[in-house]
Amino acid sequence: MNEPERGAMREVVQVRRGAYHDSVTLMRVSRALSGLPGVAAAMVAMATDLNVSIIRDLGFTVPETGPGDLVIAVRAHDTKAAVEAADRQLAPAAREDTAPEQPPLTTRSAAGGPADLVLISVPGEYAFLEAHDAVQAGLPVMIFSDDVPVAQERRLKELAEDRDVLVMGPDCGTAVIGGVGLGFANVLSPGPVGIVAASGTGAQQVTSLLDWAGTGVSHVLGVGGRDLSAAVGGLSTLRALRMLDEDPATELVVLISKPPSPEVAGAVREAVERLRTPVVRALLQEGAPDLTEATEQALRALGRPVPEWPSWPSWSGRTAGSKAIRGLYAGGTLAAEAALVAGRGEFVDYGDDAYTRGRAHPMIDPTLRVEALARAGEEEVVLMDVVLGHAADPDPAASLAHAVARTPATVVIALVGTEGDPQDLHRQAAAFREAGAAVFTSNAQAARHARSLL
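Presented here is a report on the structure given in the accompanying data block.

Regarding the packing of helix 13 (residues 367-375) against helix 14 (residues 397-406)
Running from amino to carboxyl end, helix 13 crosses helix 14 at an angle of 10°, the nearest separation of the two axes being 9 Å. Considering their axes alone, helix 13 and helix 14 lie roughly parallel with respect to each other. For the pair helix 13 and helix 14, the contacting residues are Arg369, Val370 and Leu373 in the first and Ser399, Leu400, Ala403 and Val404 in the second. For the contact of helix 13 with helix 14, the per-class residue count stands at 5 nonpolar, 1 polar and 1 charged.

Next up, the structure:
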């Protein structure tokens, strides 16, 4: 936050009735306003109970609102200019070729148009009804929203079986359909590998490594982190496997997940045996391949060479006396893999629902991890992921590299991304290495390196 200019500080709170905007968009607008000269505090958010509570904690008085209302709260020397800046960022791009048209106001009305897939990113308590309308209309749906009750997830996926469509999610952060990325998505080339993933960052790790090996993907079908639980029964996983098996562009499938429940594991095993397409399983558990090893298995199955995964060793001498590993992760599956490979340490998944309520995902907002780096001790090895791609922080090194340079701990980074990603992977790697971190494109190799420093 910039230092405010001299003069009187004023504040304003505006409520826009029924003006919905995506939470990720609002988080970015809030960050942009907070960085303006003369702005001491700013938050632009939908008026959910949690967001209103946060705005009040910032010292603002919020009038009566509902969860469908937009709140703009600014404390600044020039509140009018700050609100105008928010309006410019919230305004849709102007179209000069045609007169503005009223967009559909509900999922049900939008489903009657040319759309062939629905992406839902609303607060979790409202996601079920929107997804239900999409599935009822016979459209596949990607539910980016988290905090959806598991009973509702099961009901949606049972309905999807009846309608012969796929439900991706809830809490599906990554998908690639016919080369089009949805949610957090890396820039990938088309190719023969199909991905079924109960993990967004797990899928990003495997597909990024495949890209380094010159191998592209046909589709990435996210199914949500709970799909392989006993409560959900693997309904979307089983459907996604069948879909990829029927896809002529898919020569091999990689299935990515944390360990499934035993009964679901049995059903998946039986389904895999019936497929014509070979399947490589990347299930994170003791004795199973890690994500890098599973990627290497997939390459060998396709008859393709396995490269040496790029890494950038640290020039820093901050390794002596390290006694513990502290994992500061944005990706839950990457955190689980690192903990499994390292075999010791304390790991936090800052992408967990407990940390993302009322704030942007840590792949967008680095604040919590910057604070954690400041608290790390000189006898610790900090192991962390930095995930690139569309929808992620446009320049993670801009904020995180400074924190890496200042921390007394030794830092090891798993940099997940491709050379085509907009953040410029090589520039990111150079910035983190210059800050003193060792950088790896393989999360498993990063974890092994961290363990070797103890």
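Some points on helix 13
For helix 13, every residue scored as buried is listed here: Leu368, Arg369, Ala372 and Leu373. Across the axial projection of helix 13, the buried residues extend over an arc of 135°, all falling on one side. On the buried face of helix 13, the contacting elements are strand 14 (324-329), helix 12 (353-356), strand 16 (380-387), helix 14 and strand 17 (410-416).

With respect to the side chain of serine 208
With respect to the helices and strands, serine 208 occurs in helix 7 (residues 200-212). A relative accessible area of 2% places serine 208 in the buried class. Setting aside residues no more than four positions away along its own chain, serine 208 makes contact with Asn186, Val416, Gly417 and Thr418.

Examining the packing of aromatic side chains
In total, this model carries 3 aromatic pairs according to the counting rule given. Here tyrosine 329 and phenylalanine 347 contribute two aromatic rings whose centre-to-centre distance is 6.3 Å and whose plane-to-plane angle is 40°, an arrangement assigned as tilted. Taken as a pair, tyrosine 329 in strand 14 and phenylalanine 347 in strand 15 (residues 346-349) lie far apart in primary sequence, 18 residues in all. Here the basic side chain of arginine 75 rests over the ring of phenylalanine 60, its NZ or CZ set 4.3 Å away from the ring centre.

Comments concerning the nonpolar core
In this structure, Ile195, Val254, Ile256, Leu373, Leu383, Ile413 and Phe432 are the most contacted members of the largest nonpolar core, which totals 78 residues. Once residues lying within four places of it in the same chain are set aside, the contact partners of isoleucine 195 are Ala203, Val206, Thr207, His219, Val220, Leu221, Leu244, Val254 and Ile256. Within the second largest apolar cluster, 23 residues are counted, among which are Met168, Leu238, Leu241 and Leu255.

Some thoughts on the environment of alanine 8
Take alanine 8: it is sitting in the segment before strand 1 (10-16). Separated by 149 residues in the primary sequence, alanine 8 and lysine 157 place their C-alpha atoms 56 Å from one another. In this view, alanine 8 contacts Ala76 and His77; residues no more than four positions away in its chain are not counted.

Quick notes on the sheet that holds strand 4 (residues 118-120)
Strand order in the open sheet formed by 3 strands is 4-5-6, with parallel pairing between adjacent strands. In this open sheet, the two edge strands, each paired with only one partner strand, are strand 4 and strand 6 (167-168).

What to know about the sheet that holds strand 3 (residues 70-76)
Here we have 3 strands laid out as an open sheet, ordered 1-3-2, and antiparallel in their pairing. Both edges of this open sheet fall to strand 1 and strand 2 (39-46), since each of them pairs with a single strand only. The sheet shows a mean angle of 5° between the axes of neighbouring strands, direction not considered. In this sheet, strand 3 lies alongside strand 1 in antiparallel orientation, the contact comprising 7 bridges. In the strand pairing of strand 3, valine 15 is matched with valine 71. With respect to the sheet, helix 1 (residues 23-34) is in contact with strand 2 and strand 3, its orientation differing from that of strand 2 by roughly 170°. Packed onto the sheet, helix 2 (residues 49-57) meets strand 2 and strand 3 and runs at close to 170° relative to strand 2.

Describing the pairing of strand 7 (residues 174-177)
Two faces make up the sheet, and in a regular strand the side chains alternate between them. Here strand 7 runs beside strand 8 (residues 180-183); their pairing, made up of 4 bridges, is antiparallel. From the neighbouring strand, isoleucine 177 faces strand 8, where its bridge partner is valine 180. Two successive antiparallel strands, strand 7 and strand 8, enclose a turn made up of 2 residues, where glycine 178 displays a positive phi of approximately 55°.

Here we look at the pairing of strand 11 (residues 252-257)
Among the 6 residues in strand 11, 6 count as buried, and that is most of the element. With burial as the criterion, each face of strand 11 is covered, one bearing Leu252, Val254 and Ile256 and the other bearing Val253, Leu255 and Ser257. Looking at chain direction, strand 9 (residues 190-197) and strand 11 are connected through 5 bridges and run parallel. Bridging across to strand 11, valine 196 finds its partner in leucine 255. Across 5 bridges, strand 11 lies against strand 12 (residues 279-283) in parallel orientation. Within the sheet, the bridge partner assigned to leucine 255 lies in strand 12 and is arginine 281. Crossover strand 11 to strand 12 through helix 9 (residues 262-274) is right-handed.

With respect to the side chain of threonine 48
Within the secondary structure, threonine 48 is located in the loop between strand 2 and helix 2. Ignoring any residue separated from it by four or fewer positions in sequence, one finds threonine 48 in contact with Pro67 and Pro123.

Cut-offs applied
Every chain begins its residue count from 1, and numbering advances along the sequence as written. Where totals are concerned, whole chains, interfaces and linings use all residues; where local detail is concerned, this predicted model gives features only for residues with pLDDT of at least 70, and gives and counts side-chain atom pairs only at 80 or more. The basis for every side-chain value is the complete set of heavy atoms in the structure, and neither hydrogens nor water enter the calculation. For helices, the fitted line uses only the C-alpha atoms of the stretch in contact; every axis is such a line through C-alpha atoms, and the angle between N-to-C directions lies from 0 to 180 degrees. Numbering of helices and strands runs from the N terminus, with a helix taken as a DSSP run of H or I at least four residues long and a strand as a DSSP run of E at least two residues long. An angle below 35 degrees is treated as roughly parallel, one above 145 as roughly antiparallel, one from 65 to 115 as roughly perpendicular, and anything else as oblique. Working rule for contacts: check all heavy atoms of both residues, and any pair within 4.5 Å makes them a contact. Nonpolar residues are Ala, Val, Leu, Ile, Met, Phe, Trp, Tyr, Cys and Pro. Charged residues are Asp, Glu, Lys and Arg, and all others, Gly as well, are polar. The rule is simple: take the accessible area with a 1.4 Å probe, protein chains only, and divide by the maximum for that residue type; under 20% is buried, over 50% is exposed, in between is partly exposed. Throughout, the arc means that of the directions going from the helix axis to the C-beta atoms. Side-chain rings of Phe, Tyr and Trp (the six-membered ring for Trp) are treated as a pair once their centres are within 6.5 Å; stacked means planes under 30 degrees apart, edge-to-face means over 60, and tilted covers the remaining angles. Think of it as a cone above the ring: NZ of Lys or CZ of Arg counts as a charge over the ring if it is within 6 Å of the ring centre and within 35 degrees of the ring normal. Nonpolar core, defined: a set of buried Ala, Val, Leu, Ile, Met, Phe, Trp, Tyr and Cys residues in which side-chain atoms within 4.5 Å join the residues together. By this definition, two strands are paired if DSSP reports at least two bridges between them. The path from the first strand over the helix to the second decides the hand: if it runs clockwise while the strands point away from the viewer, the crossover is right-handed.

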